[in-house]
Amino acid sequence: MQGSLPPEAQEKIEELQDLQEQAQQLAEQKQSTQTSLNEAKAALDAMEDIDEDATMYREVGEILVETDYDSAYDDLEEKVDTLELRAERFDSQEEKVQQQFEDLQEELQQMLQGGAGGPGGMGPGGPGAGGA
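Computed from a predicted structure; not experimentally measured.

(A) Fine view of the overall build of the protein chain. Of regular secondary structure, the protein chain possesses two helices and two strands. When its helices and strands are written in sequence order, the protein chain yields α-β-β-α. Residues classed as buried in the protein chain amount to 20% of the 132 residues present. Looking at the protein chain alone, contacts between residues at least 24 apart form 63% of all its contacts between residues at least 6 apart. Here the protein chain has roughly 9900 Å² of accessible surface; of this, 46% comes from carbon and sulfur atoms.

(B) Fine view of the confidence of the model for the protein chain. In the predicted model, the protein chain carries a mean pLDDT of 86, and the fraction of residues at 70 or more is 84%. Per-element averaging of pLDDT across the protein chain places strand β1 (residues 56-60) at the bottom with 91 and strand β2 (residues 63-67) at the top with 95. For residues 117-132, every residue scores under 50 in pLDDT, and the model assigns this stretch two contacts once sequence neighbours within four places are set aside.

(C) Region of the structure containing the layout of surface pockets. Space inside the largest pocket adds up to approximately 360 Å³. Considering the residues around the largest pocket, the lining is formed by 13 residues, among which Ala43, Arg58, Ala72, Leu76 and Lys79 are closest to the centre. Secondary-structure elements contributing two or more residues to the lining of the largest pocket are α1 (7-47), β1 and α2 (69-115). The element contributing the most residues to the lining of the largest pocket is α1, with five residues. Looking at side-chain class alone, the lining of the largest pocket contains seven nonpolar, two polar and four charged residues.

(D) Structural detail: the side chain of Lys12. Topologically, Lys12 is positioned in helix α1. Lys12 sits in the buried class, given a relative accessible area of 17%.

What counts, and at which threshold
Here, residues in each chain are numbered from 1, in the same order as that chain's written sequence. The model is predicted, so local features are restricted to residues of pLDDT at least 70 and side-chain atom pairs to those at 80 or more, both for listing and for counting; the totals for chains, interfaces and linings are taken over all residues. Note that the side-chain values use all heavy atoms of the structure and ignore hydrogens as well as water. A run of H or I in DSSP counts as a helix once it spans at least four residues, and a run of E counts as a strand once it spans at least two, with each numbered from the N terminus. Under the scheme applied here, a residue whose accessible area is under 20% of the maximum for its type counts as buried, over 50% as exposed, and between as partly exposed, the area being computed with a 1.4 Å probe on protein chains only. Contacts are residue-level and defined by heavy atoms, with any inter-residue pair within 4.5 Å sufficient. Under the convention used here, a 1.4 Å probe and the Shrake-Rupley method define accessible areas, while residue burial counts only the protein chains that appear. The predictor reports its confidence for every residue as pLDDT, a score running from 0 up to 100. Two kinds of site are reported from a 1 Å grid over the protein atoms alone, namely cavities, where a 1.4 Å probe fits but cannot get out, and pockets, open sets with protein on both sides within 12 Å along at least five of seven lines, and residues are called lining when an atom falls within 4 Å of a point. Grid points are joined across faces, edges and corners, and a volume is the space filled by probe spheres set on the points. Each residue is assigned to one class: nonpolar for Ala, Val, Leu, Ile, Met, Phe, Trp, Tyr, Cys and Pro, charged for Asp, Glu, Lys and Arg, and polar for all the others, Gly among them.

See below:
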């Protein structure tokens, strides 16, 4: 079917497919960020029940390093803040891609509907063309 479409329509379809792939990638990244955010929030909540004098450890690469409660808590709060901002950015990017997709889809639909009845108003000899 695509072989019979005008080149402009084929380009729009390819752009729509690219936007669809981009939306899928954004959704995956957003899901990963949301999972990390939920884990960090759960860790912060768990720290509320831990004695501030308890020995704490932080994972650094493949090893655990001793740290104090306040540093661990502050680091987790910072991580939550960063992940929340990242999640908001993904929401914004998703909305933008969705809008681009809808606009492009509308352009393609108008292109195909406009071209279905003849020259599409671009060439000579269409309705209302020429002469006195």
